[in-house]
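# Structure assessment
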Amino acid sequence: MDKAVGEMRHFADTQLDPMAIDRNAEIPPEVIAGLGQLGVLGMTAPKEYGGRGFSQLGNCQILEEIGSRCSATAIFVNAHQSIGIRALLLFGTEEQKRHWLPMLCTGEKLAAFALTEPEAGSDAGNVQTTAIPSADGKTYILNGEKRYITNGAIAHVLTVMARTPPAQGADTPRSGDKENWKVTAFLVTPDMPGFEVVEARMPKCGIRGTATARLAFHDMPVPAENVLGQVGKGLKVALTVLDFGRTTFGASCTGASKTCLRAAARHAKTRVQFKQTLSEFELVKKKIAFMAAHAFAMEATTSQCASFIDRGAEDYMLETAMLKVWSTEALWIIVNDMIQIFGGQAYFSNEPYERMMRDARINQIGEGANDVLRAFIALVGMRGVGE
């Protein structure tokens, strides 16, 4: 793990330019290739499929290092591995794994996870994309659209969530007769007839380097063997992989928080105002103390959630939701306080701090909006008492 983190750190120092990635709204192909060569894109996949076989804790160490430099690159890796490849690892058949994983682990091919739609965001069960089986049961015909899909236009394999009819009602239903349809996960490739990239790179506030896409499916045939997991059990696939994504979100936030802490402390010790350094002012001390305490606690809670995963705990959905809500909101305060310590200097784009502020805002929305997760935490946290 230490060797891998050292390699990642050296790569980031020499090859990763977060300001250029933000300015050009693209992660360069050579950076993606380099991450593949380092094994970062297949870090937790077993070695027999071409991965590194690292624990979730080890993977979090890597994501912390990336997150300390470039949030866009961290989210790209997260989307590819923590929710893209992870769904295949957990729910794929042996044949599916052997077919897809070797190329995904090296970065020769990229993965994406397509859940969000105009009518389905935090309400994952409200997916409107449909997948109707053919009369012979050999294919499913997909129709619908997806949006805000990280890696959507550059991925070679996408896990797509679509609503499928009950087995006894395979014929096309009457309008509005979809209450009994269940969500199913499908492995989809862009070369399938009817796959459309509506918008390859949606312009956005932060994490501009990520390719966030709008996609559409027009009578797109998908082979039945591309069903991931069981028919009608797609929500389980989605909710399970999000636990992994929320854990690595915590790792990325940890890395960004440590960057803010170092920058704020360094500036406070050298910037002189009113004949003393900023570090001598009580209110500045308080801000830096908050950063230090929360960066430490972020690392601890991320490690704990990763440990639940590595030890094969039966259920850690509550803990990963807590980590995601708390770490993303703590980082938002930390970034804001860092900018306040720097003052006007931080507001200009020749420094990385305004970019870090823009990048940090999505964290409270992605992988489950924080307000929705708060309700979930309350519900699950009180379930034992209610029972």
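Everything here concerns the structure above.
Keep in mind it's a predicted model, so treat the numbers as computed, not measured.

Moving on, we come to the pattern of salt bridges. Taken as a whole and assessed by the stated rule, the structure comprises 14 salt bridges. In this structure, R9 and E65 form a salt bridge, with 3.1 Å as the shortest nitrogen-oxygen distance. Taken together, the residues R9 in helix α1 (residues 2-15) and E65 in helix α4 (residues 56-67) connect sequence positions 56 residues apart. With a relative accessible area of 11%, E65 lands in the buried category.

Right, let's get into the side chain of S252. Here S252 shows up in helix α7 (residues 234-270). Non-local contacts of S252, meaning those with residues more than four positions away in its chain, are made with L63, G67 and A74.

This paragraph deals with the layout of surface pockets. Taken as a whole, the largest pocket spans an internal volume of roughly 1,100 Å³. In terms of lining residues, the largest pocket is bounded by 40 residues, among which T116, I365, G366, E367 and G368 are the most central. For the lining of the largest pocket, the elements supplying multiple residues, two or more each, are α5 (71-91), β3 (139-150), α7, α10 (353-361) and α11 (370-381).

Right, let's get into the nonpolar core. Core analysis: the largest hydrophobic core is formed by 30 residues, its most contacted members being M8, L35, V40, I62, F76 and V77. Of all the secondary structure elements, the ones that give two or more residues to this core are α1, α3 (29-38), α4 and α5. Look past the residues within four positions of L35 in its chain and what remains in contact with it is M8, F11, V40, L41, T73, F76 and V77. With 28 residues, the next largest nonpolar core counts W100, L115, M161 and L242 among its residues.

Now for the side chain of E351. Mapped onto the elements of the fold, E351 is located in the loop between α9 (317-342) and α10. Although E351 is buried, it forms no salt bridge, and the closest oppositely charged side chain is R266 at an N-O distance of 7.5 Å. Excluding residues within four positions of it along the chain, E351 makes contact with M19 and Q345.

Under the criterion given, the structure shown has four cavities of 30 Å³ or more. The volume enclosed by the largest cavity comes to roughly 80 Å³. Taken together, G67, S71, A74, I75, N78, F249, S252, C253, A256, L331 and N363 make up the full set of residues lining the largest cavity. Where the lining of the largest cavity is concerned, the elements lending two or more residues are α5 and α7.

Conventions adopted
Residues numbered from 1 in each chain as written. Predicted model: local features only at pLDDT ≥ 70, side-chain atom pairs only at ≥ 80, totals over all residues. Heavy atoms only, no water. Salt bridge = Lys/Arg side-chain N within 4 Å of Asp/Glu carboxyl O. Helix = DSSP H or I, 4+ residues; strand = E, 2+ residues; numbered from the N terminus. Buried < 20%, exposed > 50% of the residue type's maximum accessible area, 1.4 Å probe, protein only. Contact = heavy atoms within 4.5 Å. 1 Å grid on protein atoms, 1.4 Å probe; cavity = no way out; pocket = protein on both sides within 12 Å on 5 of 7 lines; lining within 4 Å. Points joined across faces, edges and corners; volume = space filled by probe spheres on them. Core = buried A, V, L, I, M, F, W, Y, C linked by side-chain atoms within 4.5 Å. Lys, Arg positive; Asp, Glu negative; His and termini not counted.

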